[in-house]
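Structural characterization, general
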Amino acid sequence: PGQVPTPDERAALALAFTRSGWMQTLGYEADLFFYASLLVAALSAPAASGLSRVLESGFLRSFGRYRYAMYLLHLFVAELARLVFDPGRTTLPFAVEQLLWWLVATALVWAVARASWLLFEAPILRLKRYFPMSAPAGAASSLPAGVRLE
């Protein structure tokens, strides 16, 4: 009682939770149901609704733009984030500690992914104009007549 678990103990608890019978049988389905319901709510919400405005915000759309670099770099940046904030070295309540950890890690991953986009991905994508693509000879297009992909 009153003793703070070590980072290894916390990792073991998290792993035990994801491998527990309840999580394996009901937890993932509940997670799936929640996100499927959110998708249905988002698609059926009027354009002027608060949900629609939040989900179409530039902030959330930026996660879509930088998602590939975030996917590639998140593990490396998360380790670097421990230099900024190590949840195992605080006396904060576990929930507050985890919230702060995820905020710091997400902000750093987003910043590194944005830098990757600006310095690496966007310049490479601009080179596409020098390499026009056309459909292979005899290939049937699935696009309606007169529609071109740019």
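As a starting point, this report considers the structure included with it. (Residues numbered from 1 in each chain as written. Predicted model: local features only at pLDDT ≥ 70, side-chain atom pairs only at ≥ 80, totals over all residues. Heavy atoms only, no water.)

**Observations concerning the packing of helix H5 (residues 67-84) against helix H6 (residues 94-126)**
Applicable threshold: Only the stretch in contact is used when a helix axis is fitted, and all axes are lines through C-alpha atoms; the angle between N-to-C directions ranges over 0 to 180 degrees. In DSSP terms, a helix is any run of H or I states spanning at least four residues, a strand is any run of E spanning at least two, and both are numbered starting from the N terminus. Throughout, the term roughly parallel applies to angles under 35 degrees, roughly antiparallel to angles over 145, roughly perpendicular to angles from 65 to 115, and oblique to all others. Crossing chirality is assigned from the near helix's rotation relative to the far helix, an anticlockwise turn below a right angle marking it left-handed and a clockwise turn marking it right-handed. By definition, residues are in contact when any of their heavy atoms lie within 4.5 Å. For this classification, the nonpolar set comprises Ala, Val, Leu, Ile, Met, Phe, Trp, Tyr, Cys and Pro, the charged set comprises Asp, Glu, Lys and Arg, and every other residue, Gly included, is treated as polar.
Between H5 and H6, whose axes approach to 8 Å, the crossing angle comes to 130°. Of the possible angle classes, the one that applies to H5 and H6 is oblique. In the packing of H5 onto H6, the handedness of the crossing is right-handed. From H5, Ala69, Met70, Leu73, His74, Val77, Ala78, Ala81, Arg82 and Val84 reach across to H6, where they touch Trp101, Val104, Ala105, Leu108, Val109, Trp110, Val112, Ala113, Ser116 and Glu121. Classifying every residue of the contact of H5 with H6 by side-chain character gives 15 nonpolar, two polar and two charged.

**Some details on the packing of aromatic side chains**
Aromatic ring pairs are described here by two measures, namely the spacing of the ring centres and the angle between the planes. For the record, the criterion: Between 30 and 60 degrees the pair is tilted, below 30 it is stacked and above 60 it is edge-to-face, where a pair is any two Phe, Tyr or Trp rings, Trp via its six-membered ring, whose centres lie within 6.5 Å. The cut-offs for exposure are 20% and 50% of the maximum accessible area for each residue type, with area from a 1.4 Å probe on protein chains only; residues under the lower value are buried, those over the upper are exposed, and the others partly exposed. Whether a charge sits over a ring comes down to the Lys NZ or Arg CZ being within 6 Å of the ring centre and within 35 degrees of the ring normal.
Scanning the entire structure with this criterion turns up six aromatic pairs. With a centroid separation of 5.2 Å and an interplanar angle of 80°, the aromatic rings of phenylalanine 59 and phenylalanine 63 are classed as edge-to-face. In this pair, phenylalanine 59 and phenylalanine 63 both sit in helix H4 (residues 58-65), four residues apart, roughly one turn of the helix. Since its relative accessible area comes to 55%, phenylalanine 59 is described here as exposed. The exposure class of phenylalanine 63 is partly exposed, given its relative accessible area of 24%. Measuring from centroid to centroid gives 6.4 Å for tyrosine 68 and tyrosine 71, while their planes differ by 35°, and the two rings are tilted. Residue tyrosine 68 and its partner tyrosine 71 are both found in helix H5; the two are separated by three residues, about one turn of the helix. With respect to class, tyrosine 68 is no different from tyrosine 71; both count as exposed. Through a chain of ring-to-ring contacts, the aromatic side chains of Tyr66, Trp110 and Trp117 assemble into a single cluster. Cation over ring: arginine 82 sits above tryptophan 101, and NZ or CZ is 4.8 Å from the ring centre.

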